[in-house]
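Listed here are the chains, written in short residue letters.
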Amino acid sequence: MSQWKQIQQLDIKFLEQVDYFYDDTFPMEARQVLANWIEGQDWEEATNHESMATVLFNNLLIQLDRQCLQEPNFLLRHNLKRITQQLQMKYKNNPVQVAVIISSCLREERRIIALASVQEQGPLEKSMQNSEAFERQKNLDKRVAVIRSSVQMMDQAVKYLEDMQADFDFRYKTLQSRDPIERSSKVMQQEVALLQEILNCLDFKRKEILSKMGDVIKEINDMMSTQLNLELMDWKRRQQIACIGGPVLTGMDQLQNWFTLTAQSLFQIKRQLDKLGELIHKVTYESDPIPLQIPQMEEQVKFLIYHLIKSSFVVEKQPCMPTNPQKPLIIKTQVQFTTKVRLLVKLPEVDYQLKVKTTFDKDPPPGKVNRQFFILTQNTKVMDVEESSNGCLCVEFRHLQLKEKKFSGTKGNEGPLTVTEELHSLSFEAEFCLQGMTIDLATCSLPLVVISNVSQIPAGWASVMWYNLLTDEPENLSFFSNPTRATWSQLSEVLSWQFSSFAGRGLNKEQLSMLGEKLLGQQPAHNDCQVSWSKFCKENIPGKPFSFWIWLDSILDLIKKHLLPVWIDGNIMGFVSKETERALLRDRESGTFLLRFSESHLGGITFTWVEQADNGEAKFISVEPYTKNRLSALPFADIIRDYKVIADGIVPENPLKLLYPDIPKDEAFGKHYNSQQSKGKIPIFPYFPMSLIPISTLPTITNMTPPSCSSPEPPMSPGMFDALSQSLSPFEMAVISSP
């Protein structure tokens, strides 16, 4: 089943997450009509090669044109034409961006499919998606709507008060214009009494409106402090979690709606107060409530507007290099990176007026700073209206670059922290001016790791994960001077996210249990065990020349580049100790095998099978791990299919029969074979067709002492071909060598 079909079968809560990341940058209609073609291209590889990205982009446009011609539905055909034109205009000068976007979408789809297949969520993920949060948001929706309605009703009350005062003013001036002689008449006395009655009513209405305004201002203040600000903090925390592979970040449009409606209410109250202030220039009297109460109310409203606008300036997309979209917050010097800032308050009056300036390390941490950087490219840009984001004000910096400042007499990193433990920040500033108010806006990115070589990415990503897992402080740049410990329960969930995010399938309880044992040793229960930063990333595993994280990251890289379809299918048990491996295989049929990652090699995968002897003794045979160098020559599924064992006097055969527990090999891996072997096909003279066959050489199978490890060889060498030729007939050689 295609990935897109799997997506369409998910529950609505997962489909909403998919809907979030398909927008005008790459519309869902294009994903729908080109589902199979899109999934058949290597978009990930194209993100690093402009020529390949250009070819794929042109092919994408051709495929869309073909769909337009074949589409019978007029409306869909019209939409596809429009999408084709938009994509061509938007990306004709930057085809790599298309590859980055589609690659990211496919990766998020895999992560969501993996998330949907996991029955039990971790504690962090539960806290991000619990029903209590949904109820809280519904309550805030209602509260904002009630406030908005109350403010609009006050508009009518102010208008009624204006009309009442106009009537009073007219009557009063008419009375004043009468002849003084008439003022003592009975009619005049009745008019004066009526005028006094209107004035009393006017006073009552002024007090009533001011009281209602005071109540609404208090309600807005309470709503902002107890709900809106908390929702903003919650969104920022969820952004941190999304950055390290957690659930897709949603809710920005909802957040913008709350901020915008609240701002509209506050500005409307400000205008209402201005109108009330104008009324006293025409009619005022002793104990008039307007001049007594309005100044304080105006200050309260300005205070709320100030804090609302100031907090609405947020980093929508954290800094990220397009070449590593799945690992934000790691920046390599002199390599372009992108970031995006949004104003959550949508006010037409400020469109195209906000100029945003970026500064790197504006407020460095106290003490010695080992390295200093400056922005090499233009660092100022005007915020623009983005229609795809509900018409909000955004600014995206797409071509920022960093360069290190060089100081004479210094030699590299001389401080107590390593390069990947140094944290930096990118600051954003703008000046907001509206209705006589000037507000200085400022926000900053999450802490960044700056590297100078791609080999530092694994260690840098470890720092990013550790920081964003354990703290919600946005600017704690000294965090790694005394890093917090993590519980295994926290860390294991984030590690599983790495596999669901990068490889499309998370880790189950058994796999996480093995990892916990490898990191922490034998424990009755691992969940509450404390893991130090040093043990996770800096200290070598006992007896090994690498740390736990470097070992795990090398496995992730191996899966991503060479094992992805097999891993997604769940055919790789992966994380299982040798003792557990033997216990699982001991009572199984001969030829039953399982796949696990090497504990002694970086980025290696091996398989072990069982042979049941006549005396009932089980023998376990494992091959030397396959690493990326070997897997670059031959796909892993083909290795499983074609694997041969050579022993003295025994015809080469494939010992791998059943994937544990009892799945026929071809049933498990058949759909991933690159080519089918030709059975009994006689080669055409004078050439034999060539095939790459993975083989292992054993002294003898009968005398083998378990557990002996055979060595997988790369594609068959001429010497090995000669050795096979001496043991097999020409017909058998033709069968083995045929593609």
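Residues numbered from 1 in each chain as written. Predicted model: local features only at pLDDT ≥ 70, side-chain atom pairs only at ≥ 80, totals over all residues. Heavy atoms only, no water.

**Student:** So what about the sheet that holds strand E10 (residues 426-434)? Which residues, and what values?
**Tutor:** Sheet strands line up and pair through hydrogen bonds in the backbone, either parallel or antiparallel. Taking strand neighbours across the sheet as the criterion, the 4 strands line up as E6-E4-E10-E11 in an open arrangement whose pairing is antiparallel. Looking at the sheet topology across the chains shown, the edges are occupied by strand E6 (380-382) and strand E11 (437-444). Here the strands of the sheet are splayed against their neighbours by 20° on average, with no regard to which way each runs. Bridge count for strand E4 (residues 355-360) against E6 is 3 bridges, and the pairing is antiparallel. (Pairing = 2+ DSSP bridges. Helix = DSSP H or I, 4+ residues; strand = E, 2+ residues; numbered from the N terminus. Axes fitted to C-alpha atoms, helices over the stretch in contact; angles between N-to-C directions.)

**Student:** Please give an account of helix H7 (residues 74-91) that cites residues and values.
**Tutor:** Working note: α-helix, 3.6 residues per turn, so residues spaced by three or four point in the same direction. Look at H7: 26 Å from first C-alpha to last across 18 residues, which is about the 26 Å you get at 1.5 Å a residue. Listing the buried residues of H7 in full gives Asn79, Leu80, Ile83, Thr84, Leu87 and Tyr91. With its buried residues spanning 140° around the axis, H7 presents them on a single face. Facing away from the buried side of H7 by more than 90 degrees, the exposed set consists of Phe74, Leu75, Gln85 and Met89. If you check the start of H7, you find a side-chain oxygen 3.0 Å away from the backbone N of leucine 75, and it comes from asparagine 73. (Expected span 1.5 Å × (residues − 1). Buried < 20%, exposed > 50% of the residue type's maximum accessible area, 1.4 Å probe, protein only. Arc of directions from axis to C-beta. Polar contact = N/O pair within 3.5 Å; in protein donor to acceptor, adjacent residues only side chain to side chain.)

**Student:** So what's going on with the packing of aromatic side chains? Which residues, and what values?
**Tutor:** For the coordinates displayed, the defined rule picks out 26 aromatic pairs. Ring geometry for tyrosine 22 versus phenylalanine 26: centroids 6.4 Å apart, planes at 45°, classification tilted. Each member of the pair, tyrosine 22 as well as phenylalanine 26, carries the same accessibility label: buried. Seen from the ring of tryptophan 551, lysine 518 lies directly overhead, with NZ or CZ sitting 4.7 Å from the centre. Here arginine 641 stacks its cationic end above the ring of tyrosine 673, 5.1 Å away from the centre of that ring. (Phe/Tyr/Trp six-rings, centres within 6.5 Å; stacked < 30°, edge-to-face > 60°. Lys NZ or Arg CZ within 6 Å of the ring centre and 35° of its normal.)

**Student:** So what's going on with the pattern of salt bridges? Residues and values would help.
**Tutor:** Opposite charge on two side chains permits them to pair, given that their charged atoms come into close proximity. In this structure the tally under the stated criterion is 26 salt bridges. In this structure, arginine 143 engages aspartate 222 in a salt bridge whose closest nitrogen and oxygen atoms are separated by 2.4 Å. With arginine 143 in helix H10 (residues 131-176) and aspartate 222 in helix H11 (residues 186-243), this residue pair connects regions lying 79 residues apart in the sequence. Among the residues examined, aspartate 222 registers a relative accessible area of 34% and is labelled partly exposed. Salt bridges sharing common partners tie together Arg136, Glu231, Asp234 and Arg238. (Salt bridge = Lys/Arg side-chain N within 4 Å of Asp/Glu carboxyl O.)

**Student:** Could you give me a rundown of the packing of helix H15 (residues 488-503) against helix H18 (residues 548-568), with the residues and numbers involved?
**Tutor:** In contact at an axis separation of 9 Å, H15 and H18 are set at 35° when each is read in the N-to-C sense. H15 and H18 meet at a crossing whose hand is right-handed. Here Leu495, Gln498, Phe499, Phe502 and Ala503 of H15 lie close against H18, whose contacting residues are Phe548, Trp549, Leu552, Ile555, Leu556, Ile559, Lys560, Leu564, Trp567 and Ile568. A class-by-class count of the residues in the contact of H15 with H18 yields 13 nonpolar, 1 polar and 1 charged. (Left-handed = near helix turned anticlockwise from the far one by under 90°. Contact = heavy atoms within 4.5 Å. Nonpolar A, V, L, I, M, F, W, Y, C, P; charged D, E, K, R; others polar.)

**Student:** Before we move on, can you summarise the side chain of arginine 206 with the specific residues and values?
**Tutor:** Along the chain, arginine 206 falls in helix H11. Judged by relative accessible area, which is 0%, arginine 206 ranks as buried.

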